[in-house]
Amino acid sequence: MMPLCETDAFLVKYQLMKTHIVALSTFAVCSMSWAAQVVDVKVQALDGFGGDTGSVVSRCQTKAGQEYDPVALSRDVNTLKDSNEFEDISADAKETGDGVEVTFYVRRKMRYRAPAIVEGADFFSASKVMKDAELKDGYLFGESDLAEAAAKVRKAYQKKHFPDAKVTATAEPLGSGNDCTVRFVVDEGTRKKISSYEFDGNESVDEAELREAIGDLPWWNPLGWFSDSPTTDEQLKQCVAKVEDVYRNHGFLDVRVADPILEPRDGGKAAVVFPVTEGTCYKIGEMKIVGLTRYPEGVVREKSQLPEAGAVAGLKTLTDAARRIEVVVGSGDSGLADTHVVAKPIPSAADPSVADIVFEVAEGVPVVINDVKIRGNDYTKDKVIRREIALAPGDRMLEDRAERSQKRLQNLDYFSRVRYYLELTGKGKDANGAEWRDLVYEVEEKNTGSFMVGIGASSVDSVYVSAEVQQSNFDLFAPEKLFRGGGQKGRLYVAAGPRIQSYEASVTEPYFLDRLLELTVEAYRRNRWYDEYDIIRSGGAATLAYPVKFWNPKRLWRNDVDPLVTFGRFGVRLGGEFIQFDDVENKYYTYKGVTKRWLKEEEHKYGDAAEGVVRIFWSHDDRDNFRMPTEGSRTQIFLDIAGGDNEYYRLGFNHRHFFSPWRGIVSGDSWMKQHVFMVGARAETIDGFGSNNDVPIYNRMFLGGPKSIRGIEYRYVSPYIKETHGGDYIPWGGQTLFCMNFEYTVPVVKMVRLAVFSDLGCVGEDDFDLDFSDNFAWTVGVGVRLDIPMFPIRLDFATPIEKPDHCEEEVFSFTVGYDF
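Computed from a prediction, not measured in an experiment: that's the story for all the values here.

J.: Please clarify how the nonpolar core should be interpreted in this entry.
T.: Across soluble globular proteins, you tend to see nonpolar side chains buried next to one another. Counting residues in each nonpolar core, the largest one holds 24 residues, and the members touching the most others are L135, Y157, V182 and F184. When contributions to this core are tallied by element, the ones reaching two or more residues are β4 (110-112), α4 (126-133), α5 (143-159), β7 (166-173) and β8 (179-187). It is α5 that provides the largest number of residues to this core, a total of 6 residues. In contact with L135, other than residues within four places in its own chain, are Y112, M130, L146, A149, V182 and F184. Core analysis: the next-biggest nonpolar cluster, separate from the first, contains 22 residues, Y282, A322, L336 and V361 among them.

Below, the structure written as structure tokens:
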């Protein structure tokens with residue numbers, strides 16, 4: 001039996017011996033002639049297992065009687081390493097009078113034979129210990145693998161609140177050969193369940209922010225349901241640095257957090273206590289930039305947008321300001337690449353709570369790009385990355401363009417990390433004295449695909465089951481790469497419930513024909529079952545969109561490299577659709593004083609129809625976050641022209657604007673800055689042309705429900721027909737729609753916001769019908785927004801201030817999904 005501590009000493013001696021062997025071997029190889037023959041091949045086992053060593057020689061190309069080849073010998077060593085049978089292996093070649101004598105030094109791995117021996121484990125069963133150790137019967141392992149297995153068991157104990165648990169693992173030979181069993185000796189210690197994380201000495205920072213930084217999330221946060229709070233020594237040491245970072249970002253630049261202490265609490269529990277010495281919370285005093293030679297300090301200060309005097313001297317604030325100075329100095333007519341800036345806070349002699357900031361600039365040199373290199377992309381195509389980079393060989397290195405390219409790559413969301421740097425080329429300088437260097441973008445790819453199965457619900461769609469497969473870095477023509485790496489977007493979606501059934505597939509190519517031309521191809525089948533009839537739409541479409549660019553006078557005045565600014569996208573959508581109007585109720589209804597089977601007549605006229613629709617549109621979206629926006633807007637203007645069984649045109653406008661009314665009014669990181677006001681406006685009109693000027697019911701317009709006018713039943717804001725026997729009102733739809741939404745949301749705790757809102761709108765009977773007197777609705781209400789990632793929930797309570805007589809109220813409504 002070889003304990004781990006003895007094994008570690010043996011490994012140190014062995015590694016020293018192996019180092020000498022490799023050094024002697026290198027010297028011998030360099031001194032021997034190229035034509036020497038191998039006279040003998042030996043194997044020396046360092047493990048003491050005995051057994052057949054001839055299998056080592058049989059797998060090597062180096063044989064007795066052959067010409068000695070150091071390359072072949074190196075290849076033999078790598079081959080033996082790749083077999084995973086040896087923990088350590090090296091080779092020695094010695095010149096003798098007759099030729100070359102080769103010796104392989106091998107240390108074979110042990111082979112685990114179940115069952116293992118487990119001692120001292122009370123809380124865990126022996127089978128649980130072996131499951132955590134991840135040792136399998138017949139598994140080859142070395143001493144490092146054994147130490148790792150013991151560490152895994154100890155970590156499992158720590159997760160179950162045994163902070164002092166100790167686990168040792170030793171190998172015990174079973175007869176001859178390398179077969180061994182493993183003995184795990186466990187000292188569990190006392191179980192101390194962690195009841196809380198406390199910060200002794202904290203007076204200035206919200207403890208919720210500190211707990212969030214270390215990964216201790218409250219029970220109501222779904223992100224905490226799938227992660228463990230820190231318990232192991234390694235995790236707690238990492239927490240110390242995270243807590244210090246939070247303080248430094250709040251201006252406590254001298255903060256010190258000692259190693260956490262485990263303090264007992266009632267009921268056999270314990271608290272992890274972080275001793276905190278906050279120090280001074282610094283405010284920014286005077287700021288100075290030193291080391292500039294190419295640009296005046298005033299110009300750099302203005303373009304760098306330095307923080308204001310009196311602001312909190314947070315570490316991130318200062319680091320970001322230093323980076324902005326680097327970008328300014330590295331850009332423009334005298335751009336100096338590889339400029340480095342360090343922000344040094346110096347406590348003021350007049351006021352110890354104020355820190356004067358000195359930005360020390362180490363200027364770089366002018367650089368011309370020799371080549372742009374991409375590294376780290378295993379499956380993402382080079383061109384997908386290169387098209388986001390605004391610099392090319394022969395360009396001057398400009399930090400602003402390089403950083404903008406980095407952000408564009410980050411915004412693709414294909415990579416967990418993106419960085420860029422310059423490499424020397426040895427080409428010297430160009431005629432203007434600028435150095436030739438290579439610009440390298442290094443990326444680290446991450447998983448860009450997702451598969452989600454879930455249950456959705458809303459007051460409109462009822463409960464439904466859905467499944468969705470998405471790949472944001474899709475490649476339709478690369479099955480060998482699992483359809484990844486082409487920069488396309490692919491989506492498959494299925495949903496089924498008592499009210500809806502949907503099948504959708506789409507592919508988007510953002511650079512069609514290698515131009516800034518976005519192509520989206522989609523196919524779908526959507527069923528919706530109403531109480532009075534069913535509508536089934538099956539079809540497909542292809543959309544081409546191109547960014548609209550304008551000359552920006554400010555950029556022209558600043559002599560920017562790119563004076564154009566993108567303002568939205570112009571596009572054309574060509575679609576074809578087959579519409580089925582089925583399972584229609586055969587009842588008499590009254591509309592405008594006329595009683596007949598109105599729905600049956602619609603079925604007779606428009607029951608099965610094929611439409612071809614051309615949509616011309618302009619859209620613009622500059623929201624800061626498309627899921628939970630706090631500022632920016634989304635706008636679309638469109639014109640549809642349809643032919644086929646139904647001929648009509650539709651003209652529409654949709655706009656959503658988000659902003660904080662207090663931004664620019666209150667200073668600092670005020671809670672009021674997180675208030676968000678949303679204003680929405682939507683207007684549409686439709687009319688038929690050609691042989692039939694009427695518009696089918698499934699193309700007419702309706703309002704009401706959680707995504708338009710809350711507080712009113714779904715689709716009930718519209719002209720209506722009335723059932724002759726029974727008196728029920730049925731939405732009939734109109735040809736002109738107008739709707740406005742106002743919503744003000746306030747954060748309560750993380751991921752929870754309260755909302756107050758007001759919705760108003762009307763549906764007119766004819767095209768461009770602005771007489772809203774008969775079908776006008778206005779509601780007010782309050783709501784709760786649960787901003788759960790990928791599963792946001794909107795809960796609303798609303799009541800009408802004004803509504804048409806036939807409209808039914810819906811006090812409570814809820815939806816799962818993002819902005820309506």
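J.: Just to check I follow, could you spell out the sheet that holds strand β27 (residues 594-596) for this structure?
T.: Within a beta sheet, neighbouring strands are joined by backbone hydrogen bonds and run either parallel or antiparallel to one another. The 4 strands are arranged β27-β26-β32-β33 in an open sheet whose pairing can be described as antiparallel. Edge strands, defined here as strands with exactly one partner in the open sheet, are β27 and β33 (729-731). Taken pair by pair, the neighbouring strands of this sheet meet at an average axis angle of 30°, ignoring direction. Bridge count between strand β26 (residues 589-591) and β27: 3 bridges; the pairing is antiparallel.

J.: Teacher, can you tell me more about helix α3 (residues 70-82) here?
T.: An α-helical turn contains 3.6 residues, so any two residues separated by three or four positions project in the same direction. With 13 residues, α3 extends 19 Å from end C-alpha to end C-alpha; this agrees with the ideal 18 Å at 1.5 Å per step. Within α3, the full set of buried residues consists of A72, L73, D76, V77 and L80. Across the axial projection of α3, the buried residues extend over an arc of 145°, all falling on one side. Residues of α3 that are exposed and point more than 90 degrees away from the buried face comprise V71 and D82. Contact partners of the buried residues in α3: α2 (54-58), β2 (86-95) and β3 (100-108). Backbone nitrogen of V71 and a side-chain oxygen of the N-cap are separated by 3.0 Å at the start of α3; the cap is D69.

J.: In this structure, what is going on with helix α9 (residues 315-329)? I would like to understand it.
T.: The end-to-end C-alpha distance of α9 is 21 Å, a good match for the 21 Å that 15 residues give at a rise of 1.5 Å each. Among the residues of α9, L318, A321, A322, I325, E326, V327, V328 and V329 are the ones counted as buried. Packed against the buried residues of α9 are β13 (283-290), α8 (297-304), β14 (340-347), β15 (354-362) and α11 (399-411).

J.: It is not clear to me how the packing of α8 against α9 should be interpreted in this structure. Could you clarify?
T.: A packed helix pair is summarised by two numbers, namely the angle formed by the two axes and the spacing between the axes. Two elements in contact, α8 and α9, have axes separated by 9 Å at closest approach and are oriented at 120°. Taken together, the axes of α8 and α9 are oblique relative to one another. Handedness of the α8/α9 crossing: right-handed. Note on element contacts: α9 touches α8 through R324, I325 and V328, opposite V300, K303 and S304.

Rules used throughout
Residues numbered from 1 in each chain as written. Predicted model: local features only at pLDDT ≥ 70, side-chain atom pairs only at ≥ 80, totals over all residues. Heavy atoms only, no water. Core = buried A, V, L, I, M, F, W, Y, C linked by side-chain atoms within 4.5 Å. Buried < 20%, exposed > 50% of the residue type's maximum accessible area, 1.4 Å probe, protein only. Helix = DSSP H or I, 4+ residues; strand = E, 2+ residues; numbered from the N terminus. Contact = heavy atoms within 4.5 Å. Pairing = 2+ DSSP bridges. Axes fitted to C-alpha atoms, helices over the stretch in contact; angles between N-to-C directions. Expected span 1.5 Å × (residues − 1). Arc of directions from axis to C-beta. Polar contact = N/O pair within 3.5 Å; in protein donor to acceptor, adjacent residues only side chain to side chain. Parallel < 35°, antiparallel > 145°, perpendicular 65-115°, else oblique. Left-handed = near helix turned anticlockwise from the far one by under 90°.

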